[in-house]
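Below, each chain spelled out in residue letters.
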Amino acid sequence: MKPLDRAYFARPTLQVARDLIGVLLVRERGGGRLIGRIVETEAYTGDDPAMHGWKATFGDDGVVRPEGRAADLFVAPATAYVYRIYYTNWLLNVVTEPEGTAGAVLIRALQPVEGIERMRAHRPDSIRRERDLTNGPGKLTQALGIDDATFHGTDLTGPPLYFAEDDMPKPEIAASSRIGLTRGVERPWRFFVPENPFVSPGVPSDVKQARKEAKRRGRS
DNA sequence: TATATGATTGCCT
DNA sequence: GGCAATCATATAG
């Protein structure tokens, strides 16, 4: 299985996010491989109020200052950017664009292809349905054994963690607003496979905000 | 330096 | 559908 190379990730973030749908994510550990097909991604760019540290890094004066953790978004393409949220949930991103330009693609959901029983062993015993193993950004990192300490800043163009294409035809791709955001909601930068049960159950942020607004109006 | 909050999940009713 | 868990980081003061 031939890994996608650095040039693939040096392209514009939105294009990479879309192209990664249908691609395999391969995790090699002693004894075997864990493989999932990517069915959902989100794009984050430097020109994006939803980006980590956007205000401090990109400021109001147009001067870019890569500082703190956000500096890790400017590194070489195909580098892993692992972000921890709400206690022990790790989200896997792959850095895009040429070195010196900020950009990343968040891997949000996988369809298990190989090593399903070992993925299950990494997840809580209460998980019954196969789709619940990897249908969310924090779930798939748990299933594949990906964490901040092991993978943040590592290169994703080869084992133990890399992307690869097989000869399966490209699935249909749809776009929506991203999930779980309060800023940059209007950008349709989430890509997913429609009708695929392994896509995360989250509601796009623009839909969620509209619902909230309707509810608020209803009360008053 | 101090506080607020999130690119979520899992378990509860 | 609600809510707690629980802390690094971003942003306010």
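Everything below is about the structure shown above.
Note that this is a predicted model, so its numbers are computed, not measured.

Engineer: Let's hear about the side chain of Ser 177: which residues, and what values?
Structural biologist: For Ser 177, the position within the fold is in the loop between strand 8 (174-176) and strand 9 (190-192). Using a relative accessible area of 3% as the deciding quantity, one classes Ser 177 as buried. A distance of 2.8 Å separates a polar atom in the side chain of Ser 177 from the backbone oxygen of Val 185. Within the structure, the side chain of Ser 177 is placed 3.3 Å from the backbone nitrogen of Asp 206, a separation counted as a polar contact. Once residues lying within four places of it in the same chain are set aside, the contact partners of Ser 177 are Val 185, Arg 187, Pro 188, Arg 190, Pro 204, Ser 205 and Asp 206.

Engineer: With reference to specific residues and values, describe the protein's contact with DNA strand B.
Structural biologist: Residues in contact with DNA strand B amount to 21 residues; listed here are only the nearest, Tyr 86, Asn 93, Arg 123, Gly 138 and Gly 180. When the atoms of DNA strand B within 4 Å of the protein are grouped by moiety, sugar and phosphate amount to 55% of the total. With respect to DNA strand B, the side chain of Asn 89 contributes an N or O atom lying 3.0 Å from a base oxygen. Residue assignment for the surface near DNA strand B shows that the elements contributing at least two residues are strand 3 (80-85), strand 4 (89-95), strand 5 (103-114) and helix 5 (137-144).

Engineer: If you had to explain helix 5 to someone new, which residues and values would you point to?
Structural biologist: Owing to its 3.6 residues per turn, the α-helix brings residues three or four apart onto one side. Here helix 5 lies mainly inside the structure; six of its eight residues are buried. All of the buried residues along helix 5 are Pro 137, Gly 138, Leu 140, Thr 141, Ala 143 and Leu 144. Among the structural elements, strand 1 (24-29), strand 2 (32-45), strand 4, strand 5 and helix 4 (116-122) are those in contact with the buried residues of helix 5. Looking at the residues trailing helix 5, positive phi occurs at Gly 145, about 70°.

Engineer: Describe the pairing of strand 4, naming the residues involved and giving the relevant values.
Structural biologist: With five of seven residues buried, strand 4 lies mostly within the body of the structure. Sheet topology places strand 3 next to strand 4; six bridges connect them, and they run antiparallel. Directly across from Tyr 81, in strand 4, lies its bridge partner Asn 93. Between the end of strand 3 and the start of strand 4, which pair antiparallel, lie three residues, with Tyr 86 showing a positive phi angle near 45°. Of the pairings in the sheet, the one linking strand 4 to strand 5 comprises three bridges and is antiparallel in character. Looking across to strand 5, one finds that Val 95 is bridged to Ala 104.

What counts and how
- Sequence order as written defines residue numbering, which begins from 1 separately in each chain.
- Written order determines the labels here, with chains lettered from A and ligands numbered from 1.
- With pLDDT at 70 or above as the cut-off, local features in this predicted model cover only qualifying residues; side-chain atom pairs require 80 or more to be listed or tallied, and sums for whole chains, interfaces and linings still use all residues.
- Side-chain metrics in this entry use all non-hydrogen atoms of the structure; hydrogen atoms and water are not considered.
- Comment: elements are numbered from the N terminus, with helices defined as DSSP H or I runs of at least four residues and strands as E runs of at least two.
- Throughout, exposure labels follow a simple rule: accessible area from a 1.4 Å probe, protein chains only, divided by the maximum for the residue type, with under 20% read as buried, over 50% as exposed, and the rest as partly exposed.
- Distance and chemistry together define a polar contact, namely a pair of N or O atoms within 3.5 Å, with one atom able to donate a hydrogen and the other to accept it when in protein, and with adjacent residues in sequence counting only for side-chain atoms on both sides.
- By definition, residues are in contact when any of their heavy atoms lie within 4.5 Å.
- To be near a molecule or strand, a residue needs just one of its heavy atoms within 4 Å of it.
- By definition, two strands form a pair when at least two bridges between them are found by DSSP.

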